[in-house]
Amino acid sequence: MARMSVTTDIADAGIPEILIVPDKRLRMKARRIVGADRDEVAELVPRMFAAMYRAPGIGLAAPQIGVSLRLVVMDLAPDDQRQPIVMINPEITARSEELVSREEGCLSLPGQYAEVIRPGQISVSFEDEGGRKRIMEADGLLAACIQHEIDHLDGVLFVDHLSALKRNMILRKLAKDLREKAARKPAR
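Residues numbered from 1 in each chain as written. Predicted model: local features only at pLDDT ≥ 70, side-chain atom pairs only at ≥ 80, totals over all residues. Heavy atoms only, no water.

A. The arrangement of the sheet that holds strand β2 (residues 71-74) in detail. In spatial order, the strands read β1-β2-β3-β6-β7; together these five strands make up an open sheet with antiparallel pairing. Strand pairing shows two members of the sheet lacking a second neighbour, β1 (59-61) and β7 (133-139), which therefore form its edges. Between one strand axis and the next, the sheet turns by 40° as a mean value, whatever way the strands run. Pairing of β2 with strand β3 (residues 85-95) involves four bridges; the strand directions are antiparallel. Residue pairing across strands places V72 opposite M87, the latter belonging to β3. (Pairing = 2+ DSSP bridges. Helix = DSSP H or I, 4+ residues; strand = E, 2+ residues; numbered from the N terminus. Axes fitted to C-alpha atoms, helices over the stretch in contact; angles between N-to-C directions.)

Rendered as structure tokens:
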């Protein structure tokens, strides 16, 4: 089970560790954010972006850092042109009938990728950091990323969209990779 790590590196202080499968917290459904959570959300957002950028990745859901809140951060722009997106209580309100296949990976399943079939276009409603209601139409990579991150809020991983055979192959490979990484890690 992944745990928050204590670090002495000042640059990494306060940046949460991203949970890795099979951490049980990744399978829990996150709760809606209410007014009383706003201070916690304001504190979490920059830390989540820092963890996502450090990984590096393009999306991160609060459950991936062990926080059971319906909060997602994303940034699909190149490093030098950052365009951060924050979604509070996101909900997909419409999906296209057209399905598309796109290779997906996940920061909670490092180094593992597979083709996932999802609706090609979606409409999502959410609140921004200021509490304003928003609606976004998305397609392509943005639509896939939003669906992937909302899945995390419901305890669903991208491998859950695969056949049992493919999912088990990926999970076994991840477990093997993590064991090998742990064996190479120098003792403190």
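Having seen the structure, we can now continue with the description.
B. Structural context of the nonpolar core. Core analysis: the largest hydrophobic core is formed by 20 residues, its most contacted members being M48, L60, L71 and V73. Put simply, the parts of the chain that give this core at least two residues each are α1 (38-54), β2 and β3. No other element matches α1, which puts seven residues into this core. Residues contacting L60, with those up to four places away along its chain left out, are I18, M48, A51, M52, I65, L71, V72, V73, L107 and E149. (Core = buried A, V, L, I, M, F, W, Y, C linked by side-chain atoms within 4.5 Å. Buried < 20%, exposed > 50% of the residue type's maximum accessible area, 1.4 Å probe, protein only. Contact = heavy atoms within 4.5 Å.)

C. Representation of the pattern of salt bridges within the structure. A full pass over the atoms with the stated rule returns 14 salt bridges. The salt bridge partner of R31 is D37, with a shortest N-O separation of 2.8 Å. Judged by relative accessible area, which is 41%, R31 ranks as partly exposed. Classification of D37 as buried rests on a relative accessible area of 7%. Across the pair K176 and E180 runs a salt bridge, and its minimum N-O distance is 3.8 Å. Taken together, the positions of K176 and E180, both in helix α3 (residues 164-184) and four residues apart, correspond to about one turn of that helix. With relative accessibility at 43%, the residue K176 sits in the partly exposed group. Ionic contacts of the salt-bridge type, sharing partners, join the residues K29, R70 and D154 into one network. (Salt bridge = Lys/Arg side-chain N within 4 Å of Asp/Glu carboxyl O.)

D. View of the environment of S101. Position of S101 relative to the elements: it lies in strand β4 (residues 99-106). For the pair S101 and D79, spaced 22 residues apart in sequence, the C-alpha separation works out to 26 Å.

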